[in-house]
Structures are given as C-alpha cells and as structure tokens.
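# Architecture and fold: a report
Chain residues, written in single-letter form:
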Amino acid sequence: MRRKIFKMFKMIVILILALAVVGSLWNFVCKQIELPKTESAYGKSINVKGKNMVVVCKGEENNSNPPIILLPGLGSPSPGLEFKPLADKLSKDYKVVIVEPFGYGLSEQTDSERNVENIVKELHECLQEMNISRYYLMGHSISGLYSLYYANQYQEEVCGVIGIDASVPKQNENEPFDVAKLNMLSAYLGKMKNVLGINRVLSIGNPQKVIYADTTYSYSEKELDIFRILTINNFYNDTIMDELKMITKNLKAVRNMKFPEDVPVLSFVSEQNCEIFPNWEQLHRDVIVDKENSKVILLKGGHYLHIDCSEDVVIGAREFINNK
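Cut-offs used in this document
Residues numbered from 1 in each chain as written. Predicted model: local features only at pLDDT ≥ 70, side-chain atom pairs only at ≥ 80, totals over all residues. Heavy atoms only, no water. 1 Å grid on protein atoms, 1.4 Å probe; cavity = no way out; pocket = protein on both sides within 12 Å on 5 of 7 lines; lining within 4 Å. Points joined across faces, edges and corners; volume = space filled by probe spheres on them. Helix = DSSP H or I, 4+ residues; strand = E, 2+ residues; numbered from the N terminus. Nonpolar A, V, L, I, M, F, W, Y, C, P; charged D, E, K, R; others polar. Axes fitted to C-alpha atoms, helices over the stretch in contact; angles between N-to-C directions. Parallel < 35°, antiparallel > 145°, perpendicular 65-115°, else oblique. Contact = heavy atoms within 4.5 Å. Salt bridge = Lys/Arg side-chain N within 4 Å of Asp/Glu carboxyl O. Patch = residues over 30% accessible without salt bridge, like charges linked within 9 Å, V, L, I, M, F, W, Y side chains within 5 Å. Areas by Shrake-Rupley, 256 points an atom, 1.4 Å probe, with all protein chains shown as cover. Phe/Tyr/Trp six-rings, centres within 6.5 Å; stacked < 30°, edge-to-face > 60°. Buried < 20%, exposed > 50% of the residue type's maximum accessible area, 1.4 Å probe, protein only. Pairing = 2+ DSSP bridges.

It is worth spelling out empty space enclosed by the protein at this point. Evaluated as defined, the whole model comprises five cavities of 30 Å³ or more. Volume-wise, the largest cavity comes out at about 110 Å³. Every residue lining the largest cavity is counted, 16 residues in all, and those nearest its centre are Gly 144, Ala 166, Ser 167, Val 168 and Phe 259. By volume, the second largest cavity is sized at about 40 Å³. What lines the second largest cavity is Ile 69, Leu 71, Val 99, Leu 123, Leu 127, Leu 137 and Tyr 150. For the lining of the second largest cavity, the secondary-structure elements that each account for two or more residues are β3 (68–71) and α4 (116–129). Among the residues making up the lining of the second largest cavity, the classes are represented as seven nonpolar, no polar and no charged.

In contact at an axis separation of 10 Å, α4 and helix α5 (residues 143–153) are set at 70° when each is read in the N-to-C sense. Classified by the interaxial angle, the pair formed by α4 and α5 is roughly perpendicular. Side by side, α4 and α5 meet where Val 116, Glu 117, Ile 119, Val 120, Leu 123, His 124 and Leu 127 of the first sit next to Leu 145, Tyr 146, Tyr 149 and Tyr 150 of the second. Taken together, the residues of the contact of α4 with α5 break down into nine nonpolar, one polar and one charged.

The next subject is the pattern of salt bridges. Using the criterion set out here, one finds twelve salt bridges in the structure. Several salt bridges share partner residues, and in doing so they unite Lys 58, Lys 84, Asp 88 and Glu 223 into one network.

There is about 300 Å³ of room inside the second largest pocket. Lining the second largest pocket we find 18 residues, and of these Val 54, Gly 105, Leu 106, Ser 107 and Glu 108 sit closest to its centre. When residues of the lining of the second largest pocket are traced back to their parent elements, those giving at least two are β1 (44–48), β2 (51–58) and α8 (221–234). Here the lining of the second largest pocket is composed, by residue class, of five nonpolar, ten polar and three charged.

Further remarks concern a nonpolar patch on the surface. A cluster of nonpolar side chains, contributed by Leu 182, Leu 185, Leu 189 and Met 192, occupies part of the molecular surface with about 370 Å² of accessible area. Mapped onto the secondary structure, Leu 185 falls in helix α6 (residues 179–195).

Here we come to the packing of aromatic side chains. The full count for this structure, using the stated rule, is eight aromatic pairs. Their ring planes at 70° and their centres at 6.3 Å tell us that Tyr 136 and Phe 320 sit as a pair that is edge-to-face. With Tyr 136 in strand β5 (residues 135–140) and Phe 320 in helix α14 (residues 310–322), the pair connects residues that are 184 residues apart, well separated along the chain. The class for Tyr 136 is buried, based on a relative accessible area of 4%. Exposure remark for Phe 320: the relative accessible area of 6% places this residue in the buried category. Taking the centre distance of 4.8 Å and the plane angle of 70° together, the rings of Tyr 217 and Tyr 219 count as edge-to-face.

Moving on: the sheet that holds strand β7 (residues 265–270). Strand order in the open sheet formed by eight strands is β1-β2-β4-β3-β5-β6-β7-β8, with mixed pairing between adjacent strands. Two strands lie at the open edges of the sheet, namely β1 and β8 (295–299), each paired on one side alone. Sheet twist, expressed as the average angle between the axes of neighbouring strands with direction ignored, equals 25°. As paired strands, β7 and β8 are joined by five bridges and run parallel to one another. Opposite Val 269, over in β8, you have Leu 298 as the bridge partner. α4 rests against β1, β2, β3, β4 (96–100) and β5 of the sheet, and its axis sits at about 115° to β1. With respect to the sheet, α5 is in contact with β3, β5 and β6 (158–164), its orientation differing from that of β5 by roughly 150°.

In structure tokens form, the structure reads like this:
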C-alpha cells in the first residue's frame, strides 16, 4: 500500500514538474513574440540619466493652471493605461502627465538602488527635461512617500499634493500584520504565475482577467492587449522587486517628515482601509502642516480609488486646484 502511495505521489510530482517546464518554455517563447508589440505603443520617451522614461500627456492645450503629475502605485504594469481613464477626465480642465518611473510600463529598467532619494531625483529630472517647473503631484499608494519626500526637496516647484489612498510615514508601525512580508509573498507568487505561464492561460480570450483596470472605460482592443502583455511579461521585473525590498528603508527615510508649510495637501483616503487600519485616516492628517488649505476626504472605495471613485477624485481635485 505504501509503495502504491509513494508511486502515485512520485507520478504527481513528475507531472507537476513537467507542466512547469512546458509552461515556462511556452511562456518564454510567447514573451519573445509579444514584447516587440509594446515598443512605442503609447506615450513619449524622456531621456533621464541615459535611460528612457515614458510619459503620457493629456490636455496639453490647458495652460491656465499648472499641470497635474500622476504617479503610480508600486509595480503598476502600465501606469499609462491604468490611469488613462482618470487622466482623460482631468484633462478636460488641466494638462495631465502620467509618469512611468523606471521599471514601470514602457520605461526602461535600472540598476540604480530604488531608494526614495534616487526615485525622486529621477522624477524631478524627467520634469526638468520636459520644461515643467510648477505642478501638482498626484500620487497613488507608494507614490505618497515619494510625493512627501519630493515636496520637501523641491517645495518651490510643488503647488500642491493630491494623494490617492497614498502611503504615509509610520504606516507600518501599528499594523495588525506584517504588510511588507505579505507584499513580498504576493509578489513572488505573482512572479511565479507569470513565469510558469499561468496568467497567460488565464488571459486567453479575456485580457481583463489578469489586468486591474477600470471596467467602465472603453479601452480599445489594442490597449487591452498591450496592458495584458505588460502585465504577464514585465510585472515584477527586477527593478520593481528591488523597489519592493526597499519599502521598509524608504519608510524610515521619511518617518519624521511632514509636508512643507506652504504646500497644501488633498488626501483621498479609502474607508475600507480605515476599517482594516484604524489609524489610517489620522496618519494622513498627521503629515499635513497647512491645515487651512488642506483637506482629508474619505471615499467609499478600496485602495484603487482612482478606479472605484474616479468622479469623486476629479471633483475633489478640481475644487482643490481652483481654490488656490
């Protein structure tokens, strides 16, 4: 009986390994065929430190207000496409620039350490190359930390900061569980699913099964395909994994920072996250110095408020900017 069980177990292991090898080879071949399709698929390249950083510009005819610089959450496979619905709405009144940092979307990867100092310097150089000298920063998730550091480094250029359920200092100090380790585990599992071709199989016939996008927005078939290709081929690349590993260090770097007194802040905060992290709202209030011109708004949505509550974000951002 034991021999039969062992033999069956051995066959199952061999079958799993065989499927893994076949899936990996199939995924590798498909990757070589698909990635060339993404070259220059959207946006324009800006030379930053000798590498290409891609930006997507909307509403370039709107010059009455400083532009809005949209910065993505950690590891977004295509910020240019993920934030396109929000950018389209904002671009009716403002110039909007979606920046794809190194390792994101169509931008090149980099060997430069993914600490907050380097990331902010790269973002600033990108805007300088575009001759953008005054602007609003609008950052989702981890970009909240970068926006905070950025505003302290270049406060004379930053007209204001808008956070979309943004990361904040001390967020990791009273968590009910180790979010950093969970994020790493999730990343490695996601990376494994990509390498083994699992996500590729899931995406057959329906790209939206593997991408996180606004389902109410009319993406073209080409856009959905590019989004799919970038998600299953470029997500969790080495640059993004390095940035993920740097989260704890970057949180320490900004731990005692607040926004400068002359930089107003508008923070959209997820009510769902407030239920999980009781001090989530207060942490966003703690980093604000300009209480008179700043505001924290709770929205009934998840972490991706720019998808769940895009209209509220647009209305709030418009009021915030027009009242300046």
